[in-house]
Every structure is written in C-alpha cells, then in structure tokens.
Amino acid sequence: MLVAPSILSADFGKLAEDVKAVCDGGCDLVHVDVMDGHFVPNLTIGPVVVEAVAKAATKPLDIHLMVENNPFFVELFAPLKPGYISFHIEEEKNPHRLIQRIRELGIKPAIVLNPHTPPEAIEFLIEDLDMVLLMSVNPGFGGQKFIPSVIEKAKRLKKLIEKRNPDCLIEVDGGVNDVNVRELADAGVDVVVAGSFVYKHPKGVKEAIESLRVGSEDFS
Ligand code: DX5
Ligand code: ZN
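Notes on the structure in this doc start here. (Residues numbered from 1 in each chain as written. Chains lettered and ligands numbered in written order. Predicted model: local features only at pLDDT ≥ 70, side-chain atom pairs only at ≥ 80, totals over all residues. Heavy atoms only, no water.)

1. Description of the nonpolar core
Taken as a class, soluble globular proteins show a tendency for nonpolar side chains to be buried jointly. Counting 67 residues, the largest nonpolar core has Ile7, Val32, Ile122, Leu184 and Val198 as the members making the most contacts within it. Looking at this core, the element that brings in the most residues is helix α5 (residues 150-164), giving six residues. Residues within four places of isoleucine 122 in sequence aside, it is in contact with Ile89, Ile111, Leu113, Leu129, Val132 and Leu157. Counting residues in hydrophobic clusters, the runner-up holds nine residues, among them Ala4, Ala110, Leu169 and Val191. (Core = buried A, V, L, I, M, F, W, Y, C linked by side-chain atoms within 4.5 Å. Buried < 20%, exposed > 50% of the residue type's maximum accessible area, 1.4 Å probe, protein only. Helix = DSSP H or I, 4+ residues; strand = E, 2+ residues; numbered from the N terminus. Contact = heavy atoms within 4.5 Å.)

2. Topic: the coordination of the zinc ion (ligand 2)
Note on metal sites: the ideal angle is 109.5 degrees for four tetrahedral donors, and 90 or 180 degrees for six octahedral donors. The zinc ion (ligand 2) binds to the protein through His31 (NE2), Asp33 (OD), His64 (ND1) and Asp173 (OD); the donor distances cover 2.0 to 2.3 Å. Note that the zinc ion (ligand 2) binds six donor atoms; their angles at the metal cover 70 to 170°, and the shape is octahedral. Sequence spacing among the residues donating to the zinc ion (ligand 2) works out to H-x1-D-x30-H-x108-D. Taken together, the residues histidine 31 in strand β2 (residues 30-35) and aspartate 173 in strand β7 (residues 169-173) connect sequence positions 142 residues apart. In this structure aspartate 173 comes out as buried when scored by relative accessible area, which is 8%. (Donors = N, O, S within 2.8 Å, 3.2 Å for Na, K, Ca; no water. Tetrahedral: all angles 85-135°; square planar, octahedral: opposite > 155°, others 65-115°.)

3. Side note on the pattern of salt bridges
Following the criterion strictly, the structure yields eleven salt bridges and no others. For arginine 101, the salt bridge goes to glutamate 104, with nearest N and O atoms at 2.4 Å. Of this pair, arginine 101 and glutamate 104 both sit in helix α4 (residues 95-104), three residues apart, roughly one helical turn. The class of arginine 101 is partly exposed, set by a relative accessible area of 29%. Measuring nitrogen to oxygen at the nearest pair gives 4.0 Å for the salt bridge that ties arginine 156 to glutamate 152. Of this pair, arginine 156 and glutamate 152 both sit in helix α5, four residues apart, which is roughly one turn of the helix. Salt bridges linked by common partners bring Glu75, Arg101 and Glu104 together as one network. (Salt bridge = Lys/Arg side-chain N within 4 Å of Asp/Glu carboxyl O.)

4. Overview of the pairing of strand β6 (residues 131-135)
The buried fraction of β6 is high, at five of five residues. Here β6 shows no split at all, with Met131, Leu133 and Met135 on one side and Val132 and Leu134 on the other all buried. Relative to β6, strand β5 (residues 108-113) runs parallel, the two being bridged by four bridges. Considered in β6, the bridge of alanine 110 is made with methionine 131. The parallel pair β6 and β7, bridged by α5, forms a crossover whose chirality is right-handed. (Pairing = 2+ DSSP bridges. Right-handed = clockwise from strand over helix to strand, strands pointing away.)

5. Regarding the sheet that holds strand β8 (residues 191-194)
Reading across from one edge, β1-β8-β7-β6-β5-β4-β3-β2 is the order of the eight strands in this open sheet, with parallel pairing throughout. Strands at the two margins of the open sheet, each flanked by one partner only, are β1 (2-5) and β2. Each strand of the sheet is rotated relative to its neighbour by a mean of 25°, with strand direction disregarded. Pairing of strand β4 (residues 84-88) with β5, which is carried by five bridges, proceeds in the parallel orientation. What sits directly across from serine 86, in β5, is alanine 110. Helix-sheet contacts for α4 involve β4 and β5, and the interaxial angle to β5 is about 145°. (Axes fitted to C-alpha atoms, helices over the stretch in contact; angles between N-to-C directions.)

So, in structure tokens, the structure goes:
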C-alpha cells in the first residue's frame with residue numbers, strides 16, 4: 001500500500017517541518033487538500049502556501065481539488081509541478097478535456113468520486129487517467145468517520161480498471177486507519193490518504209505511515 005499523508009491535519013504554524021516529517025517518515029505522496037468554500041463548506045490553502053509545501057517536500061505532491069472552477073485551479077497550481085492533480089467528477093462538465101489539459105501540463109491526472117457517485121460514472125474516462133480517488137468521507141474536513149460502502153465501490157472500480165486500464169491506481173481518502181487499511185488493500189486499493197491518523201498518532205508520523213503499509217509495493 002502506498003501512503004499519502006494529508007497535510008490538512010498538520011500544524012500550519014510549522015507546516016514546512018510537518019511536511020518534511022512525513023517525507024522523512026517514508027510517505028509516497030504528500031496529499032494537499034484545496035477547498036474553495038463553494039464546492040465544500042470549508043476553505044483551505046492557495047498557491048502561496050502550496051508553494052511552501054512544494055519546497056519542503058521531497059515526495060511528489062498529490063493535489064486534491066475541492067473547488068467549483070476546476071480549469072482555473074489547474075492552471076494556478078500547474079507551475080508548482082505536482083505529481084498528481086485530482087478533480088471531482090461531480091463538479092466538472094468537460095472532464096475529458098481537463099484530463100488532457102492536466103497531462104499536457106506534465107502532471108498525472110486523477111478524478112475524485114464523492115461517496116454517492118458510482119464508479120460507472122467514469123467508466124469511459126478510465127483509460128485516460130493515472131488514478132481514481134474514492135472519497136470515504138464527505139469532502140470538506142479531516143477527522144471524519146470512514147464510510148464502509150467505499151469497499152464495495154473499490155471492488156467494482158477495480159474490475160473496470162482491469163478491463164480498461166490496469167495501470168490506473170485506486171486511492172481512498174477519509175477516515176483511513178491501520179484497521180480499515182487491510183480491507184482496502186484486499187479490495188484492490190493502491191494508495192491511502194490519511195490525515196488525522198498520521199499527524200495525531202501517539203507514536204509519531206513515521207510509525208503511523210509504516211502501520212498503513214500493508215501488502216507493500218514499489219512506487220516510481
Ligand atoms: C477531506 C480531505 C481529506 C482529509 C482526510 O475532504 O479530502 O484528505 O484530510 O483526513 P482524515 O484522514 O483525517 O479523514
Ligand atoms: Zn483529500
């Protein structure tokens with residue numbers, strides 16, 4: 001399992017230090033939650049702060065857009081050269097066009113599905129994607145309870161991926177811990193996002209990341 005700590009649960013008073021800690025702790029991606037106060041009832045960070053995160057990080061950024069105007073935000077964050085940019089299918093009228101644009105910018109495109117959205121909604125986009133992100137909470141806040149139906153959804157998505165683009169990764173975001181990560185791994189999930197579990201772990205971020213690395217694999 002690949003691990004992408006969400007910096008939403010970091011201490012923003014010492015953000016660079018907290019970003020370095022998860023990179024030194026062996027994470028694979030640094031998950032960055034961008035919220036605009038419209039698509040979700042919360043507001044987080046923009047390019048000025050994400051630039052500081054990019055400077056501190058020694059692992060690729062995984063930018064998760066929770067915004068209304070996806071094309072605008074893609075252009076805004078592209079100069080920071082993140083590894084991935086993901087956007088919500090529920091908020092995009094021309095997802096295929098935006099996927100092409102993200103790839104043209106040299107970034108891996110990913111699509112996010114809210115808890116109610118079936119995997120079939122993106123069946124004909126899978127061959128153009130590098131990753132699909134399944135929300136296992138309602139987007140907007142860290143520290144929420146895991147929604148178990150994501151397990152069945154991941155299994156269904158895995159079948160579509162095997163048929164259409166076996167290289168496409170499945171990522172799950174929200175309420176992930178060292179217990180439900182096992183079920184996620186069995187369902188075919190490749191990457192877990194974890195915010196509060198990593199940053200509030202009593203033994204520190206390194207041990208937290210290691211405890212999520214079930215059925216480990218290489219990442220390049
Ligand atoms: C929620 C965000 C998540 C959040 C996860 O909208 O997309 O990335 O930070 O936090 P935890 O792991 O605490 O649920
Ligand atoms: Zn996220």
